[in-house]
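# Per-entry structural report
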Amino acid sequence: MSDFLWFEGIPFPVLDHEKEIIGECHNKFGFRDEDTVILSYPKSGTNWLVETVCLIQTKGNPKWIQSVPIWERSPWIESKRGYLELTNQKGPRLMISHLPIHLFPKSFFSSKAKVICVIKNPRDVLVSGYFFFANKNLIKNPESLATYFDWLCTLNQEAVIYGSWFEHTRAWLSMRARDNFLLVSYEDMIKDTRGTTEKICDFLGKKLELDELDLVLKYSSFQAMKENNMSNYSVLPENIIIKDLILMRKGTTGDWKNHFTVAQAETFDKVFQERMAGFSPSLFPW
Ligand code: A3P
């Protein structure tokens, strides 16, 4: 498999992606006001958010999440399979996207469709991404954490899937004052899962009883998702067979401290400060 599919300077996975679809998605995908999108830079906790929103929709009933694969419950807008499914789907739709803002479907910006954007400490995103992508033949093989560090942090940010974390995050954060945009962090999800889930319920206009909320938390926990074959990527679509692909790896914050050298940590701090200058540190609760 080749390394990436390049579209307007952004590297996409080759698998299940086509330039024509990414372009059509940008220009023609029609958002409906009742749609919900989970938006993230890859490895930020996207699937956890999907599981949570699915369970909020069913008021904690696990039947849907235990019988339908996560990528069918919430297709990926910019993938070939997801785009086709979503364009044919009637009624309110749940979907995910990793698109940078300038390639996101244009129709969103004049719709009331809701976006839940999840961000995560980019140091942990880096470590999670390295273990997910290394030696999988899914994208260009990073070979070592040091190489992946260079791609994401220093040398060539354009070589990393979906482009630079910094550009992606800066651009999407500019939307955070909109009524139909909710920003959550993976760190807050870990620290205060109940409180963050309640915030998501409010944003989606869903009123849950206490016992229903308890069920949402129970079935979206790391352990429950790890054991749910419909959510843990152990059963992938027939055209996406990837050996040893582990989604539910650690589910913690701060794992970067186990992997970065002192020099890498210092370099990352410097790059972060430069690239995220102007944003309040309170946006980044890590
Ligand atoms: P780690 O690799 O650090 O463990 P994404 O869904 O965007 O690909 O993100 C994957 C990351 O989210 C992985 O991080 C995974 O373990 C974590 N994750 C997924 N479900 C989770 C859950 N229910 N609770 C905590 N972390 C979860």
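Anyway, here's the lowdown on the structure attached to this text. (Residues numbered from 1 in each chain as written. Predicted model: local features only at pLDDT ≥ 70, side-chain atom pairs only at ≥ 80, totals over all residues. Heavy atoms only, no water.)

### As for empty space enclosed by the protein
Operational definition: Put simply, the grid is 1 Å and covers the protein atoms alone, a cavity is a trapped set of points that fit a 1.4 Å probe, a pocket is an open set with protein on both sides within 12 Å along at least five of seven lines, and lining residues have an atom within 4 Å of a point. Grid points are joined across faces, edges and corners, and a volume is the space filled by probe spheres set on the points. Labels follow the DSSP assignment, with helices taken as runs of H or I lasting at least four residues and strands as runs of E lasting at least two, numbered in each case from the N terminus. Ten residues, namely Ala, Val, Leu, Ile, Met, Phe, Trp, Tyr, Cys and Pro, are considered nonpolar, four, namely Asp, Glu, Lys and Arg, are considered charged, and the remaining ones, Gly among them, are considered polar.
Per the counting criterion, the structure on display carries one cavity of 30 Å³ or more. By volume, the largest cavity is sized at about 50 Å³. Considering the residues around the largest cavity, the lining is formed by Leu-39, Ser-40, Tyr-41, Ser-44, Cys-117, Val-118, Ile-119, Lys-120, Trp-165, His-168, Thr-169 and Trp-172. For the lining of the largest cavity, the secondary-structure elements that each account for two or more residues are strand S3 (36–40), strand S5 (114–119) and helix H8 (165–173). For the lining of the largest cavity, the residue count by class is seven nonpolar, four polar and one charged.

### As for the layout of surface pockets
In this model, the second largest pocket occupies a volume close to 250 Å³. Forming the walls of the second largest pocket are 15 residues, and the residues nearest its centre are Glu-34, Thr-36, Gln-57, Pro-92 and Arg-93. Here the residues of the lining of the second largest pocket sort into four nonpolar, three polar and eight charged.

### Comments concerning the pairing of S3
Selection criterion: Only protein chains enter the accessibility calculation, which uses a 1.4 Å probe; a residue is then buried when its area is under 20% of its type maximum, exposed when over 50%, and partly exposed in between. Two strands pair under a simple rule: DSSP has to find at least two bridges between them.
Among the five residues that make up S3, five are buried, leaving the element largely enclosed by the rest of the structure. Residues Thr-36, Ile-38 and Ser-40 of S3 are buried on one face, and the alternating residues Val-37 and Leu-39, pointing to the opposite face, are buried as well. Judged from the five bridges that link them, S3 and S5 form a sheet pairing that is parallel. Its bridge partner lying in S5, Ser-40 is registered against Val-118.

### Notes on the pairing of strand S4 (residues 94–97)
Where burial is concerned, the two faces of S4 agree: the one with Leu-94 and Ile-96 and the one with Met-95 and Ser-97 are both buried. When S3 meets S4, the two strands line up parallel, connected through four bridges. What sits directly across from Ile-38, in S4, is Ile-96.

### A closer look at the site of the ligand
Heads up, the condition is: We call a residue near a molecule or strand whenever a single non-hydrogen atom of that residue lies within 4 Å of it. N or O atoms within 3.5 Å of each other form a polar contact, as long as, within protein, one can give a hydrogen and the other can take it, and as long as residues adjacent in sequence are counted only when both atoms are side-chain atoms. All accessibility values rest on the Shrake-Rupley procedure with a 1.4 Å probe; residue burial counts only the protein chains present in the view.
Taken together, 18 residues surround the ligand, and among them Thr-46, Asn-47, Ser-128, Tyr-186 and Lys-250 come closest. At 3.4 Å from a nitrogen atom of the ligand is found a side-chain nitrogen or oxygen belonging to Trp-48. Take Ser-220: an N or O atom from its main chain is 2.9 Å from a nitrogen atom of the ligand. Taken by itself the ligand offers 570 Å² of open surface, and the protein chains cover 97% of this. Looking at the shell around the ligand, the elements that each hand over two or more residues are helix H2 (46–57) and helix H12 (222–227). Here the shell around the ligand is built from residues that sort into six nonpolar, eight polar and four charged.

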